[in-house]
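What the coordinates show
These are the residues of each chain, in order.
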Amino acid sequence: MRRRTFFGLCIGAAIVGAAAAALMQQAGRPKQRAFTLQTTEGKLFRSADLAGKPHLVFFGFTHCPDVCPTALFELTALLEAIGPAADRITPLFVSIDPERDTAELLKLYMTAFDPRILALRGDAAQTKAAAEAFSAFYRKVPTASDSYTMEHTAGLFLIRADGRLQGMLDMHEPREAQLQKLRLLAAS
């Protein structure tokens, strides 16, 4: 009986060990953030275009009354503040409002911000896939004026060159913390 118990414990330990090793190996791999969108010039832009490059992603929309333009203005100032290191980061603004955010409107909207910020858009399915790739939230909310607004994740996703999530950039953080996060991202 002891031998059977001992043998059973050994088998159980081997199964638990194998499962733990598989989970640890899986945790070591970056999340696959596959998406395909278009630039304001109508060129395809794929997540594969970012391979080996640190980047940040902000989901928003041009009709946003305050959060989006404020975040993009602040990002513009932060990129300027970190100097040449900013050139190593690919900043993306992904529209979550394919109904209203045409390529022409996005192109015009982005003229107010740092020219390194690349605006991307897609149809409803492409937009949903891009948001899901980053676990970003958005939804359409009707307004009293027979129109709508969009609720969405307001933080910026910071993705290191190796594809791992470095963290989020929150525009409510102290400026020095924001700058440090961007410097770390650029150095990844």
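In what follows, the structure referred to is the one given above.
A short tour of the structure in this document, coming up. (Residues numbered from 1 in each chain as written. Predicted model: local features only at pLDDT ≥ 70, side-chain atom pairs only at ≥ 80, totals over all residues. Heavy atoms only, no water.)

Overview of the pattern of salt bridges
Quick reminder of the rule: A carboxyl oxygen of Asp or Glu within 4 Å of a side-chain nitrogen of Lys or Arg is what we treat as a salt bridge. Exposure categories follow from relative accessible area, calculated using a 1.4 Å probe and restricted to protein chains: below 20% of the type maximum is buried, above 50% is exposed, and the middle band is partly exposed. Where helices and strands are cited, they refer to DSSP runs of H or I of at least four residues and of E of at least two residues respectively, numbered from the N terminus.
A complete count under the given rule lists ten salt bridges for this structure. D97 is the partner of R100 in a salt bridge, and the nearest nitrogen-oxygen pair spans 2.6 Å. With respect to class, R100 is no different from D97; both count as buried. Between K128 and E132 there is a salt bridge, with its nearest N and O atoms 3.9 Å apart. Of this pair, K128 and E132 both sit in helix α4 (residues 124-133), separated by four residues, roughly a single helical turn. One salt-bridge network, in which partners are shared between bridges, spans D87, D114 and R116.

A look at the pairing of strand β4 (residues 90-95)
Filter applied, for reference: When DSSP finds two or more bridges between a pair of strands, those strands are recorded as paired. When the strands point away from the viewer, a crossover counts as right-handed if the route from the first strand across the helix to the second turns clockwise.
Counting buried residues along β4, six of its six residues qualify, which places the element largely inside the surrounding structure. Side chains T90, L92 and V94 project from β4 onto one buried face, and the interleaved P91, F93 and S95 project onto a second face that is buried too. With six bridges joining them, strand β3 (residues 55-60) and β4 adopt parallel strand pairing. From the neighbouring strand, V57 faces β4, where its bridge partner is L92. A crossover connection joins β3 to the parallel β4 through helix α2 (residues 67-81); in handedness this β-α-β unit is right-handed. In this structure, β4 lies alongside strand β5 (residues 118-121), joined through three bridges in parallel fashion. Each residue of the ladder has a partner; that of F93, found in β5, is A119. A crossover links β4 with its parallel partner β5, the connecting element being helix α3 (residues 103-110), and its sense is right-handed.

Notes on the packing of α2 against helix α5 (residues 175-187)
In plain terms, the rule: To obtain each axis, a line is fitted to C-alpha atoms, and for helices this fit is confined to the stretch in contact; angles are then taken between N-to-C directions over 0 to 180 degrees. Left-handed is the label given to a crossing in which the near helix is rotated counterclockwise from the far helix by less than a right angle, and right-handed is the label when the rotation is clockwise. Two residues qualify as a contact provided that any one of their heavy atoms is within 4.5 Å of a heavy atom in the partner residue.
Two elements in contact, α2 and α5, have axes separated by 10 Å at closest approach and are oriented at 65°. Helix-helix and strand crossings are classified by hand; for α2 and α5 the assignment is right-handed. Contacts from E74, L75, A77, L78 and A81 in α2 reach R175, Q178, L179 and L182 in α5.

What about α5?
Condition: What a helix is expected to span follows from its residue count: subtract one and scale by 1.5 Å. Taking the helix axis as origin, the arc is that swept by the directions to the C-beta atoms.
With 13 residues, α5 should cover 18 Å at 1.5 Å per step; its first-to-last C-alpha distance of 18 Å lies within 8% of that length. Of the positions making up α5, those classed as buried are Q178, L179, L182, L185 and A186. Take α5 and look down its axis: the buried residues cluster within an arc of 125°, on one side only. In the core, the buried residues of α5 are packed alongside β3, α2, β8 (156-159) and β9 (165-169).

What to know about the sheet that holds β4
Pairing within the open sheet is mixed, and its seven strands lie in the order β2-β1-β5-β4-β3-β8-β9. With one partner strand each, in any of the chains shown, β2 (44-46) and β9 form the two edges of the open sheet. The sheet shows a mean angle of 35° between the axes of neighbouring strands, direction not considered. Relative to the sheet, α2 contacts β3, β4, β8 and β9, its axis offset from that of β3 by approximately 160°. Relative to β5, α3 is tilted by about 160°, and along the sheet it contacts β4 and β5.

Comments concerning α3
Within α3, the full set of buried residues consists of A103, L106, Y109 and M110. For α3, the angular spread of buried residues about the axis comes to 130°, placing them on one side. Of the residues in α3, the exposed ones pointing more than 90 degrees away from the buried face are E104 and L108. Next to the buried residues of α3 lie α2, β4 and β5.

A few points about the side chain of D114
Stated precisely, the cut-off is as follows: By the criterion applied in these results, polar contacts are pairs of N or O atoms within 3.5 Å in which, for protein atoms, one can donate a hydrogen and the other can accept it, and in which residues neighboring in sequence qualify only through two side-chain atoms.
Structurally, the position occupied by D114 is in the loop between α3 and β5. D114 gets classed as buried once you look at its relative accessible area, which sits at 8%. At 2.7 Å, the side chain of D114 forms a polar contact with the backbone nitrogen of R116. Once residues lying within four places of it in the same chain are set aside, the contact partners of D114 are T76 and L79.

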